[in-house]
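Observations on chain architecture
So the chains spell out like this:
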Amino acid sequence: MFMGKLLAHAGLLAGDHVTWMPSYGAEVRGGTAYSMAKVSKREIASPIVTKPVILIVMNKPSLVKYESTIREGGVLISNKSLVGDVPKRKDVAVINIPMTEMALKLGDVRCANMIAIGAMIKKSKILKFRNILSAMKEAFGTKEDLFLVNKKALDKGYSIAK
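Below, the structure is looked at part by part. The structure displayed is predicted, hence computed values, not measured ones. (Residues numbered from 1 in each chain as written. Predicted model: local features only at pLDDT ≥ 70, side-chain atom pairs only at ≥ 80, totals over all residues. Heavy atoms only, no water.)

1. Regarding the overall build of the protein chain
Let me state the cut-off plainly: A run of H or I in DSSP becomes a helix once it reaches four residues, and a run of E becomes a strand once it reaches two; helices and strands are each numbered from the N terminus. In this treatment the radius of gyration is a C-alpha quantity, and the globule benchmark scales as 2.2 Å times the residue count to the 0.38 power. Burial classification: accessible surface area is computed with a 1.4 Å probe over protein chains only, and a residue below 20% of its type maximum counts as buried, one above 50% as exposed, and the rest as partly exposed. Contacts are assigned to residue pairs with any non-hydrogen atoms lying within 4.5 Å of each other. Here the open area of atoms and residues is found with the Shrake-Rupley method and a 1.4 Å probe, where only the protein chains shown may cover a residue.
A count of helices and strands for the protein chain gives seven helices and five strands. Here the protein chain has a C-alpha radius of gyration of 15 Å; the compact-globule value for 162 residues is 15 Å, and the two agree. Projecting the C-alpha coordinates of the protein chain onto the three principal axes gives extents of approximately 40 × 40 × 35 Å. Taken over 162 residues, the protein chain has a buried fraction of 40%. Residue pairs at least 24 apart in sequence account for 45% of intrachain contacts in the protein chain once pairs closer than 6 positions are excluded. Here the protein chain displays about 9,000 Å² of accessible surface, and carbon together with sulfur accounts for 55% of that area.

Structure representation (structure tokens):
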């Protein structure tokens, strides 16, 4: 949920049109809860995302449930630590990074999502790094230690993505 909200906030800071729609449902942590975020230079008619250009999956159940929805030519970013190997789709770019393992090495497993965001902004160029950082600073407020570990994770995801 935090990833979608952060992307929407970064888009606002960039002056873009944004929507963010979380789905909390009955899922528990580790399940297939999701959020949809749209960032555009033009007005957005609906917050619903049926064929995402970019799909970030942090676990295997999410990959199984949402992989088929990615638009042809899109990007699949997955957490190799929990997803394993992803199908070799020829119609999408796949970035499969061991985010959980990397986050643990950084000292906080909760920053795995920022590794995904770093990879996403490197690959897609939809948002600027500085806008993500500004949104993170606002989100973490006075929790400087959380901001710093998440910034390291963002940097790591950005540097590892091709």
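The discussion continues.
2. Some details on the packing of helix H5 (residues 112-124) against helix H7 (residues 144-160)
What counts here: To get an axis, a line is fitted to the C-alpha atoms, and for a helix only the part in contact is used. The angle between two axes follows their N-to-C directions and goes from 0 to 180 degrees. Relative orientations are named as follows: roughly parallel for angles under 35 degrees, roughly antiparallel for angles over 145 degrees, roughly perpendicular for angles from 65 to 115 degrees, and oblique for any other angle. A clockwise turn of the near helix away from the far one marks a right-handed crossing, whereas an anticlockwise turn of less than a right angle marks a left-handed crossing. Gly is placed with the polar residues, together with every amino acid not listed as nonpolar (Ala, Val, Leu, Ile, Met, Phe, Trp, Tyr, Cys and Pro) or charged (Asp, Glu, Lys and Arg).
Running from amino to carboxyl end, H5 crosses H7 at an angle of 40 degrees, the nearest separation of the two axes being 6 Å. Considered as vectors, H5 and H7 are oriented oblique to each other. Where H5 crosses over H7, the two elements pack in a sense that is right-handed. Taken together, the residues of H7 that come into contact with H5 (itself represented by Asn-113, Met-114, Ile-115, Ile-117, Gly-118, Ala-119, Ile-121 and Lys-122) are Asn-150, Ala-153, Leu-154, Gly-157, Tyr-158 and Ser-159. Here the contact of H5 with H7 is composed, by residue class, of eight nonpolar, five polar and one charged.

3. A look at the packing of aromatic side chains
As a reminder of what qualifies: The aromatic pairing rule takes the rings of Phe, Tyr and Trp, using the six-membered ring of Trp, and pairs them if the centres are within 6.5 Å, calling planes under 30 degrees apart stacked, those over 60 edge-to-face and the rest tilted. Geometrically, a lysine NZ or arginine CZ counts as sitting over a ring once it is within 6 Å of the ring centre and also within 35 degrees of the ring normal.
This structure, assessed with the given rule, holds two aromatic pairs. Aromatic side chains Phe-129 and Tyr-158 sit 5.3 Å apart centroid to centroid with 75 degrees between the ring planes, which places their arrangement in the edge-to-face category. You can see Phe-129 sitting in helix H6 (residues 129-140) and its partner Tyr-158 sitting in helix H7, a full 29 residues away along the chain. Taking the relative accessible area as the measure of exposure, Phe-129 reaches 22% and is therefore partly exposed. When the ring centre of Tyr-158 is taken as reference, the NZ or CZ atom of Lys-122 above it lies at 5.0 Å.

4. What about the sheet that holds strand S5 (residues 93-97)?
Stated formally: In this analysis, strands are considered paired if DSSP registers two or more bridges between them.
Taken in spatial order, the three strands line up as S3-S4-S5 in an open sheet, and their pairing is parallel. Here the strands that pair on one side only, and so sit at the sheet edges, are strand S3 (54-57) and S5. Across the sheet, the mean angle from the axis of one strand to that of its neighbour is 10 degrees, orientation sign disregarded. Here four bridges tie S3 to strand S4 (residues 75-79), and the two strands are oriented parallel to one another. For Leu-55, the partnering residue across the bridge sits in S4 and is Leu-76. Helix H4 (residues 99-106) contacts S4 and S5 of the sheet and is inclined by roughly 55 degrees relative to S4.

5. Looking at the nonpolar core
Our working rule: We call a set of buried residues a nonpolar core when its members are Ala, Val, Leu, Ile, Met, Phe, Trp, Tyr or Cys and they connect through side-chain atoms within 4.5 Å of each other.
Counting residues in hydrophobic clusters, the biggest one holds 33 residues, and the most contacted among them are Ile-77, Met-99, Ile-132 and Met-136. Those elements that provide at least two residues to this core are helix H1 (2-13), S4, S5, H4, H5, H6 and H7. Of the residues forming this core, the biggest block, eight residues, is contributed by H5. Counting nine residues, the second largest nonpolar core, distinct from the first, contains Val-57, Leu-63, Ile-70 and Leu-76.

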